[in-house]
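Remarks on the overall topology
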Amino acid sequence: MADVQQDFVGRVVGAASQGAVGAVVAATLSAVTEPVVNNVLVNRVPLAQAIRELDGAKVKAFLQTTLSTNFIKFPFFEATNVIMSGVDLNPLLRGTVTGSVFCSTTLPITNYRFRKSMSLPITPASLYQAYLPTVLRDIIYGIVRNKVMSGMVSLNPEWARTNA
């Protein structure tokens with residue numbers, strides 16, 4: 001029993017570690033692209049102008065926000081997904097639970113980051129702004145991810161034996 005428990009903990013820690021690597025990559029990309037996209041959408045400037053107006057100091061400051069939020073979100077999703085894989089549910093229900101838990105827990109973090117990047121006021125009510133479309137998106141992602149994983153494992157059962 002101890003080996004099974006240790007293997008499960010190892011899988012959760014491994015998944016969280018993989019999420020942390022993804023968090024660094026995504027945070028770096030977001031720190032550069034989000035200010036550009038926000039400038040284009042909010043100020044209605046051409047893309048080339050938004051890129052020219054990119055401020056290195058602001059990117060560096062925003063990177064702190066994207067890193068801290070992604071270091072919570074990405075490992076949390078991966079760990080939640082591994083934990084839910086140990087629950088005997090069909091992939092549809094497992095993905096629904098994973099997406100719901102993930103969204104309900106991390107949407108305040110996402111909205112905090114968005115509002116910070118747009119220099120908007122942050123209030124308790126604004127942290128759950130756009131909950132319904134976001135939870136639906138995360139449920140769909142959780143379902144698709146679980147169905148694809150089930151399909152991949154059925155093609156090659158050896159994939160299920162690795163933490164990769």
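Structure: see above.
The structure displayed is predicted, hence computed values, not measured ones. (Residues numbered from 1 in each chain as written. Predicted model: local features only at pLDDT ≥ 70, side-chain atom pairs only at ≥ 80, totals over all residues. Heavy atoms only, no water.)

**A few points about the packing of aromatic side chains**
- Enumeration over the complete set of coordinates arrives at 4 aromatic pairs.
- Here phenylalanine 77 and phenylalanine 102 contribute two aromatic rings whose centre-to-centre distance is 5.2 Å and whose plane-to-plane angle is 90°, an arrangement assigned as edge-to-face. Of this pair, phenylalanine 77 sits in helix H3 (residues 56-85) while phenylalanine 102 sits in helix H4 (residues 91-117); the two residues are 25 residues apart in sequence, bridging distant segments of the chain. Of the two residues, phenylalanine 77 and phenylalanine 102, neither departs from the other in class, the shared state being buried. (Phe/Tyr/Trp six-rings, centres within 6.5 Å; stacked < 30°, edge-to-face > 60°. Helix = DSSP H or I, 4+ residues; strand = E, 2+ residues; numbered from the N terminus. Buried < 20%, exposed > 50% of the residue type's maximum accessible area, 1.4 Å probe, protein only.)

**Some remarks on unusual backbone geometry**
- One non-glycine residue, serine 119, adopts positive backbone phi at about 55°.
- Looking at where serine 119 falls in the secondary structure, it is placed in the loop between H4 and helix H5 (131-155).
- With a phi close to 65°, alanine 130 is a non-glycine residue in the positive phi region.
- Topologically, alanine 130 is positioned in the loop between H4 and H5.
- By relative accessible area, alanine 130 is classed as partly exposed at 43%.

**What to know about the pattern of salt bridges**
- The tally for this structure, following the rule as stated, stands at 3 salt bridges.
- For arginine 137, the salt bridge is made with aspartate 138, and the minimal N-O distance between the two is 2.9 Å.
- Given the relative accessible area of 8%, aspartate 138 is considered buried. (Salt bridge = Lys/Arg side-chain N within 4 Å of Asp/Glu carboxyl O.)

**Some points on the side chain of threonine 98**
- Note that threonine 98 resides in helix H4.
- Dropping the residues within four chain positions of it, threonine 98 is found in contact with Phe77, Thr80, Asn81 and Met84. (Contact = heavy atoms within 4.5 Å.)

**What to know about the packing of H3 against H4**
- At a closest axis distance of 10 Å, the pairing of H3 and H4 adopts a crossing angle of 175°. Relative to H4, the element H3 lies roughly antiparallel. (Axes fitted to C-alpha atoms, helices over the stretch in contact; angles between N-to-C directions. Parallel < 35°, antiparallel > 145°, perpendicular 65-115°, else oblique.)

**Details of the packing of H4 against H5**
- Look at H4 against H5: their axes get within 7 Å of each other, and the N-to-C directions meet at 140°. In terms of their interaxial angle, H4 and H5 are classed as oblique. As for the relative orientation of H4 and H5, their crossing is right-handed in sense. In this structure, H4 uses Pro91, Leu92, Arg94, Gly95, Thr96, Gly99, Ser100, Phe102, Cys103, Ser104 and Leu107 to contact H5, whose residues at the interface are Tyr131, Thr134, Val135, Asp138, Ile139, Gly142, Ile143, Asn146, Lys147 and Ser150.
- Looking at side-chain class alone, the contact of H4 with H5 contains 9 nonpolar, 9 polar and 3 charged residues. (Left-handed = near helix turned anticlockwise from the far one by under 90°. Nonpolar A, V, L, I, M, F, W, Y, C, P; charged D, E, K, R; others polar.)

**Some points on the nonpolar core**
- Core analysis: the biggest nonpolar cluster contains 5 residues, these being Cys103, Leu107, Val135, Ile139 and Ile143.
- The set of elements that each furnish at least two residues to this core consists of H4 and H5.
- With 3 residues, the top contributor of residues to this core is H5. (Core = buried A, V, L, I, M, F, W, Y, C linked by side-chain atoms within 4.5 Å.)

**As for the side chain of threonine 66**
- Relative to the helices and strands, threonine 66 resides in helix H3.
- A residue is classified by how much of its surface remains accessible, and threonine 66, at 0% relative accessible area, is buried.
- Those residues in contact with threonine 66 that lie beyond four places of it in its chain are Ala27, Ser30, Ala31 and Arg113.

**As for the environment of leucine 93**
- If you trace the backbone, leucine 93 turns up in helix H4.
- Classification of leucine 93 as partly exposed rests on a relative accessible area of 41%.
- Leucine 93 sits 48 residues away from tyrosine 141 along the chain, and the two C-alpha atoms are 12 Å apart.

Fair warning: the whole summary comes from geometry, so function is off the table for now.
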